[in-house]
Amino acid sequence: MPELPEVETLRQDLDKEVGGRKVKAVEVRAAKVVRRHRNRKEFSDRLLGRKLGTAARLGNLLLIGLDGGPETAALVIDLGPGGRLLKQRSAAPVDRQTDAVLSFSVGGDLRALDLGDQGELFLAGQEELEELAERWRGAIDPLADALAWQALGARLGARQEKLRALLMDPAFVAGIGPVYADEILWSGGLRWDRDSDSLTAQEVRRLHRAIQEVVQEAVRLRGVSVGDTPWLDLHGGKGEFEPQLSVYQRDGQPCRRCRTPLVLERLQRGQTTYYCPKCQS
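Residues numbered from 1 in each chain as written. Predicted model: local features only at pLDDT ≥ 70, side-chain atom pairs only at ≥ 80, totals over all residues. Heavy atoms only, no water.

A. Representation of unusual backbone geometry in the model. If you check the backbone angles, Asp114 has positive phi at about 55 degrees while not being a glycine. Following the sequence through the fold, Asp114 ends up in the loop between strand E7 (109–113) and strand E8 (120–124). The phi torsion at Gln160 lies on the positive side, around 55 degrees, for a residue other than glycine. Inspection of the secondary structure assignment puts Gln160 in the loop between helix H4 (149–159) and helix H5 (163–167). Classification of Gln160 as exposed rests on a relative accessible area of 56%. (Helix = DSSP H or I, 4+ residues; strand = E, 2+ residues; numbered from the N terminus. Buried < 20%, exposed > 50% of the residue type's maximum accessible area, 1.4 Å probe, protein only.)

B. Layout of helix H2 (residues 40–47). By the burial criterion, the buried members of H2 are Glu42, Phe43, Ser44 and Leu47. The inward-facing, buried residues of H2 abut strand E1 (23–28), strand E3 (61–66), strand E4 (74–78), strand E6 (98–104) and E8. Among the residues of H2, the N-terminal cap falls to Asn39, whose side-chain oxygen and the backbone nitrogen of Lys41 are separated by 3.1 Å. Count one or two residues on from H2 and you reach Gly49, which has phi positive near 80 degrees. (Contact = heavy atoms within 4.5 Å. Polar contact = N/O pair within 3.5 Å; in protein donor to acceptor, adjacent residues only side chain to side chain.)

C. Just the packing of H4 against helix H7 (residues 201–220), in detail. The geometry of H4 relative to H7 is characterised by a closest axis approach of 9 Å and an angle of 110 degrees between their N-to-C directions. When the axes of H4 and H7 are compared, the pair comes out roughly perpendicular. Here Trp149, Leu152, Gly153 and Leu156 of H4 lie close against H7, whose contacting residues are Ala201, Val204, Arg205, Leu207, His208 and Ile211. Its residues placed into classes, the contact of H4 with H7 shows 7 nonpolar, 2 polar and 1 charged. (Axes fitted to C-alpha atoms, helices over the stretch in contact; angles between N-to-C directions. Parallel < 35°, antiparallel > 145°, perpendicular 65-115°, else oblique. Nonpolar A, V, L, I, M, F, W, Y, C, P; charged D, E, K, R; others polar.)

D. Molecular detail of the environment of Leu4. On the secondary structure map, Leu4 appears in helix H1 (residues 4–17). Overall, the relative accessible area of 0% leaves Leu4 in the buried class. Once the C-alpha coordinates of Leu4 and Val219 are considered, the two residues, 215 residues apart in sequence, prove to be 8.4 Å apart. Discounting chain neighbours no more than four positions away, the residues touching Leu4 are Arg57, Gly59, Asn60, Asp141, Pro142, Leu143, Ala174, Gly175 and Val215.

Put into structure tokens, the structure is as follows:
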């Protein structure tokens, strides 16, 4: 599932590659991905002839601005658990997993693939964008918010939950999933099952620093591509953060801090977590 660094990588690529392009054709191959609209034709008609603007991000949602006024201010892209975006030549074969294709007057296509039942594309006006922003307003965005460690500590103390579950709660931190939750906790030297209100001031500072450093380094290296269906960037390339992973999918290997074998713990609802039993406490 694309997490915050992968979505931010896509945002940066979209800003460079499709900003300023004019939509000359729209093909929606899977009607379910435009389910907020009456039908595929309505979605397509509202996009035709529009010029794409700046790419932005709301949590894990991608927004591409549109010219023409507040009634349809942006194209919103929700990738869901396994969705991908691909910038491709118009003449290139269309993958059978493609859900929608936006063709530009100049500059090829933007293709959405593997959006599944949870991913979607929809056109939003200014009022709807404000409602979406409100949904994310309480969440910490490590790439956008200048949150002091003292403020983080206050939020942790107010929630009284297990640390890993809290980091993966989109109402608490935007865009952190299993990969970066495990990496952040290892970097901060904290166990996954610590109660959020049990952290000392020093531990809060460590966690604060770990959130910032792990996410920013992952963005610099264009995300991580792991698993059977690895995430790919806008040009079909893999992220370069995998060699930096310290615990995720490294069970049995020595910890890079203390050389203790890393542990895989199976949690409820089929989830797993990776950690060091010695230097995470």
